[in-house]
Amino acid sequence: MDFCLPSYVTDTLNRLEQHGFEAYCVGGCVRDTLLGLVPHDYDIATAAKPEDCHALFDHTVDTGVKHGTVTVVCDGHNLEITTYRTDGQYSDHRKPDSVVFVTSLRDDLARRDFTVNAMAYHPIRGLFDPFDGKTDLKNRVLRAVGNPSVRFHEDALRILRLFRFACRFNMTADPATLSAALQKVEALSLVSVERIEKELIDLLLTDHPHQADPLFQGIGLSFLGLHPIHDSLSSLAALPKDRVLRFCAFCRLTDTNPKALAVRLKSDKNLRDGADNCEQAYLALLSESVCLKELLYRYGEPAVRRALLLAKQSTNALDDILAKKEPYKTEHLCLSGRDCHAVGLTGEAIGKALYALLTFVWQDPALNCPKRLLPLLTEIADSQKPLHY
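No experiment lies behind these values; they were computed from the predicted model shown.

1. Considerations on the sheet that holds strand β8 (residues 120–122)
Working step 1: What the seven strands build is an open sheet, ordered β3-β4-β5-β2-β1-β8-β9; its pairing is mixed. The sheet terminates laterally at β3 (60–64) and β9 (126–128), the two strands that pair on one side only. Each strand of the sheet is rotated relative to its neighbour by a mean of 35°, with strand direction disregarded.
Working step 2: As judged from the four bridges shared by strand β2 (residues 43–46) and strand β5 (residues 77–83), these two strands associate in the parallel manner. Looking at the pairing, Asp 43 lines up with Glu 80 of β5.

Next up, the structure:
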């Protein structure tokens, strides 16, 4: 596979090397290129220290200078440049307490999570692959660098990353790596839920979610209230890559309330509210004899569409309603609160009258014109007037 690095990357590598600092592209950009994918971003590892990067480049941001990382802005692109390092203890099971800057690229790669992420590339020197990640990539195998138990003890989030990579690239973990991940899975409870949420959502949106079955068929994320699945996550792949929809489908597989899980994961409002509306529409769809227009009125079009897909029902009727612009909300009626007031209705009676008119229009959209709807409104208003003897 040919590496066609963008000019801003080669320019940065060249500047570092011209000043005596060895530098390589590392990690995901190397892995993705070998897979024939276009990298989303490029990371550089170098013998240069953060202060050297400050001196060499005009626009730098200290995004992780404690751990040797400086972001360089080059031609409008952000490049993370990190000094070769080895890591100290991981007392929080997430980030090293300290780092030691080194001059060996191999030592730097030895601290990384998986062999497929522990490769480096230089335009002249070529691929540096001390842990045979290229072979693992070819064989679709995820293998920890060094002792897998140590890797997962250092950073428990690597457990979820293992399964996310497996799902994204349709790979399987080698037996020793899988065994160590499942043995250490309870350590995920020590990781911030925000980081877990991001990895989980990314995993659910992949093409091959079934590769995470070993995690969720066991105790998985039980500390979040999830129950082991008895089926497979493979059914998620048949759904559109809509994060709310796939999240709700995942919750049904793990017997979890979507809104409650979204709250525990500190998910954003769009996911929390979207998941709740989808779940409510789904339950109504299965348990009540309601027309689609009533569901649209209650929960909105996105939730109803997701609920239909979740229930494996056709969306043709929904698409037909929307294509014909048939009324399903009071705002769609040709009459308004002003018309209600004109026939003597006030306060809550106005909302009730409009809803009553809407239920008629649900059944017969042709009623939605003043000539036909005004008599119905007058009849409703007359029925609410007190009788005088």
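2. Considering the pairing of strand β1 (residues 23–26)
Working step 1: Burial along β1 is two-sided: Ala 23 and Cys 25 and Tyr 24 and Val 26, pointing in opposite directions, are all buried.
Working step 2: Relative to β2, β1 runs antiparallel, the two sharing four bridges. Residue Ala 23 lies in a different strand from β2, and its bridge partner there is Thr 46.
Working step 3: Relative to β8, β1 runs antiparallel, the two being bridged by two bridges.

3. Some words on helix α8 (residues 175–183)
Working step 1: Considered for burial, the residues of α8 that qualify are Thr 177, Ala 180 and Ala 181. One side of α8 carries all its buried residues, which in axial view fall inside an arc of 100°. Across α8 from its buried face, at more than 90 degrees, point the exposed residues Pro 175 and Gln 183.
Working step 2: Elements that come into contact with the buried residues of α8 comprise β10 (141–142), α6 (148–154) and α7 (157–169).

4. Digging into the packing of helix α15 (residues 301–310) against helix α16 (residues 316–323)
Each pair of packed helices can be described by the angle between their axes along with the distance between the axes.
Working step 1: As a packed pair, α15 and α16 sit with axes 10 Å apart at the nearest point and diverge in direction by 155°. By the angle between their axes, α15 is roughly antiparallel relative to α16. In this structure, α15 uses Glu 301, Val 304, Arg 305 and Leu 308 to contact α16, whose residues at the interface are Leu 318, Asp 319 and Leu 322.
Working step 2: Classifying every residue of the contact of α15 with α16 gives four nonpolar, no polar and three charged.

5. Some details on the confidence of the model for the protein chain
Parts of the model with low pLDDT should not have their predicted coordinates read in detail.
Working step 1: Within the protein chain, residue pLDDT values average 93, and 98% of them lie at 70 or more.
Working step 2: The secondary structure element of the protein chain with the lowest average pLDDT is strand β6 (residues 85–87), at 89, and the one with the highest is β10, at 98.

About the cut-offs
Residues numbered from 1 in each chain as written. Predicted model: local features only at pLDDT ≥ 70, side-chain atom pairs only at ≥ 80, totals over all residues. Heavy atoms only, no water. Pairing = 2+ DSSP bridges. Helix = DSSP H or I, 4+ residues; strand = E, 2+ residues; numbered from the N terminus. Axes fitted to C-alpha atoms, helices over the stretch in contact; angles between N-to-C directions. Buried < 20%, exposed > 50% of the residue type's maximum accessible area, 1.4 Å probe, protein only. Arc of directions from axis to C-beta. Contact = heavy atoms within 4.5 Å. Parallel < 35°, antiparallel > 145°, perpendicular 65-115°, else oblique. Nonpolar A, V, L, I, M, F, W, Y, C, P; charged D, E, K, R; others polar. pLDDT = per-residue confidence, 0-100.

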